[in-house]
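Residue-level structure breakdown
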Amino acid sequence: INFFTLNELTEKLDHFKDAHIISLIPTKGKIYDKIYEHLNNSKFKYSLVLSGNVPVPTLKMDEILFLSLKYPLHFLKKVKNRFNNLQPAICKPQYIFTSSRTSESQFSVSKIKIPSYDYDELISYERAHKNISYNSKKKYFVYLETPPSHPDGLYAKDRFPPEKPCSEKDWFSGLNYFFKNLVKVSGIQIKVLPHPRTTQKCLDSLKYCEIENRNKKIDLIKNSSGVITQASSAISFAIYYDKPIIFIDQNKLTFHNRRKIKYLSKYFNKVPVDMKKSIN
């Protein structure tokens, strides 16, 4: 169903009274609450799909304690907001289809295990390329691009601890410095796999690399010498093809970005590379 306003959505939904809706949209926020409220009042049956999670834990108790002492006012504000939001869940799915070991604990409904979207895509790819072999004549690394304009940055001001998105200048200066060093030291070129929500401005800001067609995603990763990432969930493709992974970090990234890089690299027994330092 395509829609541009909430009224348009509810009008279209009313034509599918007997349908079971599989929802892919987030479960929090005023606009989403209104959608689920309409589904509940109209007695629609719906389920959620939760896929693509990475092994990064929520804030641990010792982290919360340390941060509450460092940012006491922001901590009190967060606690106040949490109490104000203590209300019965508006989203009441019949089932949750999930590829995660730990899915939304707020829902006490049946959870049905499914493959991740990435694995489904790999299955389709392998079937279509069963008798096709492709080998790149040149070695290359694939950078799984995450742009500074990523939607996650839209919610930075509401997070605890307080943070603001990394500036484009700091983002690209560190990334391009790392690319320049890596190409110089290894002699291997870098190919960029664009993020689905990137912009042409972001791609034009990348240096010492080649921008590739996103439709070649699996081919690029399968035939690469390894992948480079901050903490992209697309590393699942690299894992499937047993590719080396280089995690990169810098001190200008947000707390939650760096925390995600830290835990994801730790999960694979890796140490992130500071992209602003020279590579020996």
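These numbers were taken from a predicted model, which means no experiment stands behind them.

So, how was this worked out
Residues numbered from 1 in each chain as written. Predicted model: local features only at pLDDT ≥ 70, side-chain atom pairs only at ≥ 80, totals over all residues. Heavy atoms only, no water. Pairing = 2+ DSSP bridges. Helix = DSSP H or I, 4+ residues; strand = E, 2+ residues; numbered from the N terminus. Contact = heavy atoms within 4.5 Å. Axes fitted to C-alpha atoms, helices over the stretch in contact; angles between N-to-C directions. pLDDT = per-residue confidence, 0-100. Buried < 20%, exposed > 50% of the residue type's maximum accessible area, 1.4 Å probe, protein only. Polar contact = N/O pair within 3.5 Å; in protein donor to acceptor, adjacent residues only side chain to side chain. Phe/Tyr/Trp six-rings, centres within 6.5 Å; stacked < 30°, edge-to-face > 60°.

The six strands lie next to each other as β7-β6-β5-β8-β9-β10, forming an open sheet whose pairing is parallel. Single-partner strands in this sheet number two, and they are β7 (210-211) and β10 (273-274). Here strand β9 (residues 245-249) runs beside β10; their pairing, made up of two bridges, is parallel. Residue pairing in the sheet places D249 in a bridge with D274 of β10. Running over the sheet, helix α6 (residues 168-186) touches β5 (140-144), β6 (189-193), β8 (226-229), β9 and β10 and is turned about 165° from β5.

What follows concerns the sheet that holds strand β2 (residues 45-50). The strand order β1-β2-β3-β4 describes an open sheet built from four strands, whose pairing is parallel. Single-partner strands in this sheet number two, and they are β1 (20-23) and β4 (110-113). The mean angle between the axes of side-by-side strands here comes to 25°, regardless of whether they run parallel or antiparallel.

This paragraph deals with the confidence of the model for the protein chain. Scored by pLDDT, the protein chain comes out at a mean of 84, with 86% of its residues at no less than 70. Summarising per-element confidence for the protein chain, the mean pLDDT is lowest in helix α1 (residues 6-13) (76) and highest in β5 (97).

As for its placement among the helices and strands, V271 is situated in the loop between α10 (255-267) and β10. Relative accessible area serves as the criterion here: at 71%, V271 is assigned to the exposed category. C-alpha of V271 to C-alpha of D249: the two residues are 22 residues apart in sequence and 9.8 Å apart in space.

With that settled, the discussion passes to the environment of S100. Within the fold, S100 resides in the loop between β3 (95-98) and β4. Judged by relative accessible area, which is 12%, S100 ranks as buried. Each C-alpha atom of the pair S100 and S51 lies 6.6 Å from the other, and the pair is 49 residues apart in sequence. Contact partners of S100, with chain neighbours within four places excluded, come to N53 and K113.

With that settled, consider the side chain of D118. Following the sequence through the fold, D118 ends up in helix α5 (residues 117-128). A polar atom in the side chain of D118 sits 2.5 Å from the side chain of S236. Excluding residues that lie within four positions of it along the chain, D118 makes contacts with S233, A234, S236 and F237.

Bringing the packing of aromatic side chains into the picture now. Evaluated as defined, the whole model comprises seven aromatic pairs. Judged by centre distance (5.3 Å) and plane angle (75°), the ring pair of Y143 and F179 falls under edge-to-face. Residue Y143 is located in strand β5, and its partner F179 is located in helix α6; the two are separated by 36 residues in the primary sequence. Residues Y143 and F179 agree in their burial class; the two are buried.

A few words on the side chain of S265. Locating S265 in the fold gives a position in helix α10. On the accessibility criterion, S265 (1% relative accessible area) is buried. Not counting the four nearest positions on each side in its chain, S265 is found in contact with F247, K270 and P272.

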